[in-house]
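Reading the structure
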Amino acid sequence: MIPKYRNLFNSQFTDKKYQELKDDIASDFDYEPTFRIAETPFFISNELKSQLLEGCEDVIKLIQEKGFKGLTDKSLELNHKVQNEDEHTTFLAIDFGICEENGAIVPKLIEVQGFPSLFNYQVNLYEKFKNHYPFLEELTPFINDITPQEYNKTLEEVICHNHPKENVILLEIEPEKQNTKIDFYYCRRDIGIPIICVTELIKKDKQLFYINENGEEIQVKRIYNRVIFDELDLRTDLKLNFHFSDDLDVEWAGHPNWFFRISKFILPFLKGPYFIETTLLSDLKEIPEDLENYVLKPLFSFSGSGVVFHVNKEDIENVIEKELFILQKKVNYIPIMQSPDGKVKAEVRMLCVWKKEDTTPTLLCNLVRLSRGEMIGVKFNKDKDWVGGTLGLFER
């Protein structure tokens, strides 16, 4: 995509420069991410950018509909329901596979999440790439060509919402053990809020507290939530001093209910050129004969867990909670990005925030995953190069 920059990058690339890039990232916190960092950014043409923006607009239109909460109430009946839900989500991640359809390149919506992603890491990854490839200054990862400073200011406003930073926490399950902890470290450094494990919170009446580095008890007034309930449900060994379902005197930066409302649950309601035929298993009239063209997915899992790529009839018949699964038509990811030894597939995640007082979300940045495997996830790309997490760069 944008041949000029692809050729320029590939001509400058060396394994030594790749190692220096990784060392540069690791130097910030004496820690190298456990996920694979791709060798290269993904260069996005203006044409593809326009398509991605159109697809995002169509998703956002559905979410903005007056009846959206009624449409998605069932998603909460099937899961945890947390009190004090706000009017709209705070974060939005919209994933598009770069596909081929009728001989043309087209982004296809793979997933949408009302949940934060690697917002803090991505802006720093941009800076690291520029350190080693100065010509990348000509491009931007930001949708509206804002500066990194403006990006961080917007992110701080969304996460903190005018609260003192000591009263805002990033909440996660054993954050030190999470694959995404590099993002937490950048959040703590750039936004200035503490990282707290769910087991460290203390509940007093309706209020939550944590102990700071000085041993002081500090009230939590706003939670930047990174907890996935799927993981929390599995961690029966954890002892929490509160329940997410409690009536708590806190605000949420990313209310947990939106993780369920804006999820694969809404895919069957989206129609148009950027969307894939998707059916809730409980609504499936008959099992398709050509199951080789379908993927079976759980609605609320994270990071691709539970996906059945090679579906057979028994897989569908054996699902007990059919309202918790979708059957989705496979799409043809096109190997589109030229590496030194062949082409690579790509998936672009458009990252949005939604300020409390705004009527619409703000598209901010992006995240890209590159793959040579059958699917995008890590398990399909073991022992391969020019794959993994990176960012897309747009023309200014």
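To be clear, the structure that these remarks concern was listed above.
Residues numbered from 1 in each chain as written. Predicted model: local features only at pLDDT ≥ 70, side-chain atom pairs only at ≥ 80, totals over all residues. Heavy atoms only, no water.

Quick notes on the packing of aromatic side chains
Scanning the model with the defined rule gives 26 aromatic pairs in all. Considering the side-chain rings of phenylalanine 29 and tyrosine 186, the 4.9 Å spacing of their centres and the 75° angle between planes classify their relative orientation as edge-to-face. Highlighted residues: phenylalanine 29 in the loop between α2 (15-27) and β1 (42-44) and tyrosine 186 in helix α7 (residues 181-190), separated in sequence by 157 residues. You can call phenylalanine 29 partly exposed: its relative accessible area is 24%. Aromatic rings pair up to connect Tyr5, Phe9, Phe13, Tyr18, Phe43, Tyr133, Phe135 and Trp386 into one cluster. If you follow lysine 204 out to its NZ or CZ, it ends over the ring of phenylalanine 209, 5.4 Å from the centre. Against the face of phenylalanine 309 rests lysine 330, its NZ or CZ located 4.2 Å from the ring centre. (Phe/Tyr/Trp six-rings, centres within 6.5 Å; stacked < 30°, edge-to-face > 60°. Helix = DSSP H or I, 4+ residues; strand = E, 2+ residues; numbered from the N terminus. Buried < 20%, exposed > 50% of the residue type's maximum accessible area, 1.4 Å probe, protein only. Lys NZ or Arg CZ within 6 Å of the ring centre and 35° of its normal.)

So, the sheet that holds strand β9 (residues 217-220)
Across the sheet, which stays open at both edges, the 3 strands sit in the order β7-β8-β9 with antiparallel pairing between neighbours. Two strands in the sheet have a free side with no partner beyond their single neighbour: β7 (202-204) and β9. Across the sheet, the mean angle separating the axes of adjacent strands is 40° when strand polarity is ignored. Pairing analysis gives 4 bridges linking strand β8 (residues 207-211) to β9, with the strands arranged antiparallel. Within β9, the position partnered with tyrosine 210 by the bridge is isoleucine 218. (Pairing = 2+ DSSP bridges. Axes fitted to C-alpha atoms, helices over the stretch in contact; angles between N-to-C directions.)

Looking at the sheet that holds strand β11 (residues 251-253)
Reading across from one edge, β6-β5-β10-β11 is the order of the 4 strands in this open sheet, with parallel pairing throughout. Edge positions in the sheet fall to β6 (195-197) and β11, since each of these pairs with one other strand and no more. Between one strand axis and the next, the sheet turns by 35° as a mean value, whatever way the strands run. For strand β5 (residues 168-172) and strand β10 (residues 222-225), the ladder comprises 4 bridges, and the chain directions are parallel. Across the sheet, isoleucine 169 pairs through a bridge with isoleucine 223, a residue of β10.

A look at the nonpolar core
Grouped together as the largest cluster of nonpolar side chains are 122 residues, with contacts concentrated most on Phe42 and Phe244. Excluding anything up to four places from it in sequence, phenylalanine 42 contacts Met1, Arg6, Leu48, Ile98, Ile336, Met337, Ala346, Val348, Val368, Leu391, Gly392 and Leu393. One finds Val311, Ile316, Val319 and Leu327 within the second-largest nonpolar core, a separate group that totals 8 residues. (Core = buried A, V, L, I, M, F, W, Y, C linked by side-chain atoms within 4.5 Å. Contact = heavy atoms within 4.5 Å.)

As for the side chain of serine 339
With respect to the secondary-structure elements, serine 339 resides in strand β15 (residues 337-339). Engagement of the side chain of serine 339 in a polar contact is seen with the side chain of arginine 372, the distance being 3.0 Å. In this structure serine 339 touches Asn10, Val344, Arg372 and Trp386, once residues within four positions along its chain are discounted. (Polar contact = N/O pair within 3.5 Å; in protein donor to acceptor, adjacent residues only side chain to side chain.)

So, helix α6 (residues 148-160)
Between its terminal C-alpha atoms α6 stretches 18 Å, which fits the 18 Å expected from 13 residues at 1.5 Å a residue. Those residues of α6 that fall on the buried side of the exposure criterion are Pro148, Tyr151, Asn152, Thr154, Leu155, Val158, Ile159 and Cys160. Just past α6, the residue histidine 161 takes up positive phi, approximately 45°. (Expected span 1.5 Å × (residues − 1).)

Quick look at the side chain of aspartate 95
Position of aspartate 95 relative to the elements: it lies in strand β2 (residues 91-101). With near-sequence residues (within four places) excluded, aspartate 95 lies in contact with Lys108, Leu109, Ile110, Glu111, Glu347, Val348, Arg349 and Arg369.

Regarding the state of the cysteines
This structure, assessed with the given rule, holds 0 disulfides. In this model cysteine 160 remains outside any disulfide bridge; the closest cysteine sulfur is found in cysteine 187, 7.8 Å from its own. (Disulfide = S-S within 2.5 Å.)

Observations concerning the pattern of salt bridges
Inspection of the entire model under this criterion finds 33 salt bridges. For the salt bridge of arginine 235 with glutamate 174, the shortest nitrogen-to-oxygen distance reads 3.0 Å. Within this pair, whereas arginine 235 is found in the loop between α8 (229-234) and β11, its partner glutamate 174 is found in the loop between β5 and α7, the two being separated by 61 residues in sequence. With a relative accessible area of 21%, glutamate 174 lands in the partly exposed category. A salt bridge links arginine 369 to glutamate 347, with the nearest nitrogen and oxygen atoms 2.7 Å apart. Taken together, the positions of arginine 369 in strand β17 (residues 362-371) and glutamate 347 in strand β16 (residues 342-353) put the pair 22 residues apart, joining distant regions of the chain. (Salt bridge = Lys/Arg side-chain N within 4 Å of Asp/Glu carboxyl O.)

What about the packing of helix α5 (residues 119-132) against α7?
Helix packing geometry: the angle between the two helix axes and the distance between the axes. Interaxial distance between α5 and α7 falls to 7 Å at its minimum, and their mutual angle equals 85°. Between α5 and α7, the angle is such that the two are roughly perpendicular. Touching Phe119, Asn120, Tyr121, Asn124 and Lys128 of α5 are Ile182, Asp183, Tyr186, Cys187, Arg189 and Asp190, all from α7. A breakdown of the residues in the contact of α5 with α7 according to their chemical character gives 5 nonpolar, 2 polar and 4 charged. (Parallel < 35°, antiparallel > 145°, perpendicular 65-115°, else oblique. Nonpolar A, V, L, I, M, F, W, Y, C, P; charged D, E, K, R; others polar.)

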